[in-house]
Number of protein chains: 2
Amino acid sequence: MTPERHARLRATLDRRQPDLSVIMDGVHKPHNIAAIVRTCDAVGILDVHAALPDNLARFPAGTALGSQRWVNIHYHDDGEEAIRRVRDQGMQVLAAHFSDRAVPYRELDYTRPTTLLLGTEKFGVSEAAAEAADEHVIIPMMGMVASFNVSVAAAIILAEVCEQRRAAGLYDRRRVDPATYQHTLFQWSHP
Amino acid sequence: MTPERHARLRATLDRRQPDLSVIMDGVHKPHNIAAIVRTCDAVGILDVHAALPDNLARFPAGTALGSQRWVNIHYHDDGEEAIRRVRDQGMQVLAAHFSDRAVPYRELDYTRPTTLLLGTEKFGVSEAAAEAADEHVIIPMMGMVASFNVSVAAAIILAEVCEQRRAAGLYDRRRVDPATYQHTLFQWSHP
Ligand SMILES: C[S@@+](CC[C@H](N)C(=O)[O-])C[C@H]1O[C@@H](n2cnc3c(N)ncnc32)[C@H](O)[C@@H]1O
Ligand SMILES: C[S@@+](CC[C@H](N)C(=O)[O-])C[C@H]1O[C@@H](n2cnc3c(N)ncnc32)[C@H](O)[C@@H]1O
């Protein structure tokens, strides 16, 4: 590995946000999963949680452009298990979900430890997951179609998260704990 | 058609932005085209321009959820032709493109008549189109992978466009000219 490459890995790891993650609750189309994981890498997410039906492929061959190498994917039996996990880590859980209590996505504070939960392509967020979430977040829509593609919705919200965290200086200092840092750097350097 | 449905069509048309459009310059994966058109509907875009190689399907069967019914798709032989067309309409052309002159996407004024140009999945924006564009716009990236999925990049920028136009009140009054309004309402009402 060249020194430049090593410096690049370190610089990326220095921007990783241990207090930011995503739960894909039943998202199952490979190109959507691929696009979401790729977006997670781009906004500095290290951990993604996937609750997927058993009969579905675990990770798509699609165009994640190798991003699954830079993001840890944790598999769960269902969304509630994933929610319990991130809650143990002190995260607020925001479900991207249409409901009476949904808050427009630009009005929330994403500098707090945050997990964004996304629902399935067809049926959206399950009732159990919606119930368990701290808040529901919504992207206002001006058109005829009732929802965005799930990877698009993830990206719009995560871009706002990124912007708030950039403004707060959260990408300017190392935030991953030393043990995780060393472990991850080793993994990234030794494919 | 029920009165409610008709009112819904009118309300949507009242929010359509005649001075906002998108050029897909060589974007060819059906699920990307579908997601982009669906996002266009959601932010109030009426006209999308597609410059696609001849041997590619004109419109995907994919999951645009019928959004192609609410958005007019104009086909062109190449990106430059599409650029000439929107420039004749008085638009600034912003290419989503990595370059030395690229401006971070939150720093531009999208309340001006604007067309967003997107490049191909593999090779990005062509040199000719980059040259012809008024500005290059970039979404900062914090990770290892060098670019977003094209429909994701489109969505992140268009969500900012939508936010600026919402704040400026551009969704609060009818902006489509009377002839286009009647014509479009007729089309939408008679599938
Ligand atoms: C295609 S949508 C699901 C649509 C489903 N019919 C419903 O009513 O929930 C898939 C997921 O994308 C996210 N999503 C899509 N559009 C959204 C919006 N405007 N605001 C918030 N989340 C959205 C949600 O997480 C949703 O569960
Ligand atoms: C997958 S990218 C193309 C990558 C190509 N290898 C390149 O270097 O341009 C497809 C299109 O998405 C848009 N795009 C992707 N990431 C972007 C970003 N961070 N900023 C602006 N546009 C982006 C651009 O329009 C680009 O042409």
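Please refer to the structure higher up on the page.
I will try to describe carefully the structure that is included in this document. All figures in this text were calculated on a predicted structure; none of them were measured in a lab.

Digging into the overall build of chain A
- Counting secondary structure elements, chain A contains six helices and seven strands.
- Dimensions of chain A along its principal axes, counting C-alpha atoms only, are 50 × 40 × 35 Å.
- Burial analysis of chain A (191 residues in total) assigns 53% to the buried set.
- Within chain A, contacts between residues separated by at least 24 positions form 79% of all contacts whose residues are at least 6 apart in sequence.
- Accessible surface, chain A as shown: approximately 8300 Å² in total, 52% of it carbon and sulfur.

A word on the sheet that holds strand β6 (residues 114–118) of chain B
Residues and elements named next belong to chain B.
- As summarised here, the arrangement of the seven strands in space is β3-β2-β1-β6-β4-β7-β5, forming an open sheet in which the pairing is parallel. Every other strand in the sheet has two partners, leaving β3 (72–76) and β5 (102–104) as the edge strands with one partner each. Averaged over neighbouring strand pairs, the angle between their axes works out to 30° when direction is ignored.
- Across three bridges, strand β4 (residues 92–96) lies against strand β7 (residues 135–138) in parallel orientation. Bridging from a neighbouring strand, Ala95 pairs with His136 of β7.
- Of the strands in this sheet, β1 (17–25), β2 (45–51), β3, β4 and β6 touch helix α3 (residues 79–88), which is tilted by about 170° from β1.
- In the packing of helix α5 (residues 150–167) onto the sheet, contacts are made with β1, β2, β4, β6 and β7, and the angle to β6 comes to roughly 165°.

A word on the pattern of salt bridges
- Applying the stated criterion across every chain yields a total of 16 salt bridges over all chains.
- We note a salt bridge from Glu160 of chain B to Arg106 of chain A, for which the minimum N-O separation is 2.8 Å. Here the residue Glu160 of chain B occupies a position in helix α5, and Arg106 of chain A occupies one in the loop between β5 (102–104) and β6 (114–118), the pair thus bridging two chains.
- Of the residues examined, Arg106 of chain A reaches a relative accessible area of 22% and is grouped as partly exposed.
- Residues joined by salt bridges that share partners form a network here, namely Arg106 and Glu160 of chain A together with Arg106 and Glu160 of chain B.

A short note on helix α6 (residues 178–189) of chain B
All names here are of chain B.
- For α6, which comprises 12 residues, the first-to-last C-alpha distance of 16 Å matches the rise-based estimate of 16 Å (1.5 Å per residue) to within 8%.
- Where α6 is concerned, the buried positions are Tyr181, Thr184, Leu185, Trp188 and Ser189. Buried residues of α6 fall within an arc of 125° about the axis and therefore sit on the same side. Summarising the geometry of α6, the exposed residues directed more than 90 degrees from the buried face are Ala179 and Phe186.

Observations regarding the packing of helix α1 (residues 3–15) of chain A against helix α6 (residues 178–189) of chain A
All names here are of chain A.
- Where α1 meets α6, the axes come as close as 11 Å, and the angle between the chain directions of the two elements is 140°. It follows that α1 is oblique to α6 by the angle criterion. Crossing of α1 against α6: the hand is right-handed. Where α1 approaches α6, its residues His6, Leu9, Arg10, Thr12, Leu13 and Asp14 are matched on the opposing element by Tyr181, Thr184, Leu185, Trp188 and Ser189.
- Residue classes in the contact of α1 with α6 are distributed as five nonpolar, four polar and two charged.

Focus on the relation of the copies chain B and chain A
- Superposing chain B onto chain A takes a rotation of 180° combined with a translation of 0.0 Å along the rotation axis, leaving an RMSD of 0.0 Å. With respect to symmetry, the two chain copies, as superposed, fit the operation of a two-fold axis.
- Of the residues that chain B buries at the interface, 100% are likewise interface residues in chain A, meaning the two copies contact each other through the same surface.

What to know about the side chain of Thr114 of chain A
- If you trace the backbone, Thr114 of chain A turns up in strand β6.
- Once residues within four sequence positions are removed from consideration, Thr114 of chain A is found in contact with Asp19, Leu20, Ser21, Met91, Gln92, Leu94, Asp109 and Arg165 of chain A.

Reading the values: the criteria
- Residues numbered from 1 in each chain as written.
- Chains lettered and ligands numbered in written order.
- Predicted model: local features only at pLDDT ≥ 70, side-chain atom pairs only at ≥ 80, totals over all residues.
- Heavy atoms only, no water.
- Helix = DSSP H or I, 4+ residues; strand = E, 2+ residues; numbered from the N terminus.
- Buried < 20%, exposed > 50% of the residue type's maximum accessible area, 1.4 Å probe, protein only.
- Contact = heavy atoms within 4.5 Å.
- Areas by Shrake-Rupley, 256 points an atom, 1.4 Å probe, with all protein chains shown as cover.
- Pairing = 2+ DSSP bridges.
- Axes fitted to C-alpha atoms, helices over the stretch in contact; angles between N-to-C directions.
- Salt bridge = Lys/Arg side-chain N within 4 Å of Asp/Glu carboxyl O.
- Expected span 1.5 Å × (residues − 1).
- Arc of directions from axis to C-beta.
- Parallel < 35°, antiparallel > 145°, perpendicular 65-115°, else oblique.
- Left-handed = near helix turned anticlockwise from the far one by under 90°.
- Nonpolar A, V, L, I, M, F, W, Y, C, P; charged D, E, K, R; others polar.
- Least-squares fit on C-alpha atoms with pLDDT ≥ 70 in both.

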